[in-house]
Amino acid sequence: RRQRFAPGEWTWLRQVHGSAVVDVRRPGDGAGSEADSSVTSVTGAVLAVQSADCVPVVLSASGVVAVAHAGWRGVVEGVVPAAVAALRERSDGPVTALVGPHIRVGSYEFGEAELGAVAAISGDGVRGRTAAGAAALDITEAVRATLHSADVDEIEILEGDTADPGWFSHRVRADRERQVTVAWLESLDD
């Protein structure tokens, strides 16, 4: 099924909620690496991250693309700025971020200690309330704040709350399945 979508070898990561970035120098390079982001300037190298409630981020600049899996621990560890820095090492053009579907604040009940750790990185705007009034993490704001801090030029946040039916959610339904976010570069001659 993957080959019908994007042919060739894919770089899948063994995601650990950290900040490591894999440098993909040929299709499939770094597959299975323990990391939460990958970057490439190689045409046809397919980069992939999986998520259920965490935030998938696609970054692009002239001739370079990266993907990142940004959960709250990854935000605290610095995965977003690490991915942006890896992208900037390969391109001096403007950086664009596309933020994919993830859990939203109304369903993301969160402990105060962990919320404080995210707020220390992303600011108090990450503090919210669930629909039931409990303390919650606004992971959308956490990722947006880290993208702004990394001087990303353009940020687009897609609709989609993984707490809603039709999406996989670990927190809400204990789903074992995951969404997959993929990105790759294509030649303009193709």
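Refer to the structure above for everything that follows.
Residues numbered from 1 in each chain as written. Predicted model: local features only at pLDDT ≥ 70, side-chain atom pairs only at ≥ 80, totals over all residues. Heavy atoms only, no water.

(A) Local environment of the pattern of salt bridges. Scanning the entire structure with this criterion turns up 10 salt bridges. Between Asp175 and Arg173 there is a salt bridge whose closest N-O contact spans 3.3 Å. Overlapping salt bridges, with partners in common, bring together Asp23, Arg25, Glu89 and Arg90 in one network. (Salt bridge = Lys/Arg side-chain N within 4 Å of Asp/Glu carboxyl O.)

(B) A look at the sheet that holds strand S13 (residues 179–183). Pairing in this open sheet of three strands is mixed, and the strands run S1-S6-S13 from one edge to the other. Taken across any chain shown, the strands that pair with only one partner, and hence form the sheet edges, are strand S1 (10–11) and S13. Bridge count between strand S6 (residues 46–51) and S13: five bridges; the pairing is antiparallel. In the sheet register, Val49 faces S13, and the bridge partner there is Thr181. (Pairing = 2+ DSSP bridges. Helix = DSSP H or I, 4+ residues; strand = E, 2+ residues; numbered from the N terminus.)

(C) Broad picture of the packing of aromatic side chains. Inspection of every chain in the model, using the stated rule, returns three aromatic pairs. Plain terms: the ring middles of Trp10 and Trp12 are 5.5 Å apart, the flat faces sit at 20° to each other, and that makes the pair stacked. On the accessibility criterion, Trp10 (9% relative accessible area) is buried. Between Trp72 and Phe110, the ring centres sit 5.5 Å apart and the planes meet at 90°, which makes this aromatic pair edge-to-face. (Phe/Tyr/Trp six-rings, centres within 6.5 Å; stacked < 30°, edge-to-face > 60°. Buried < 20%, exposed > 50% of the residue type's maximum accessible area, 1.4 Å probe, protein only.)

Without other data, these values stay purely geometric and don't point to any function.
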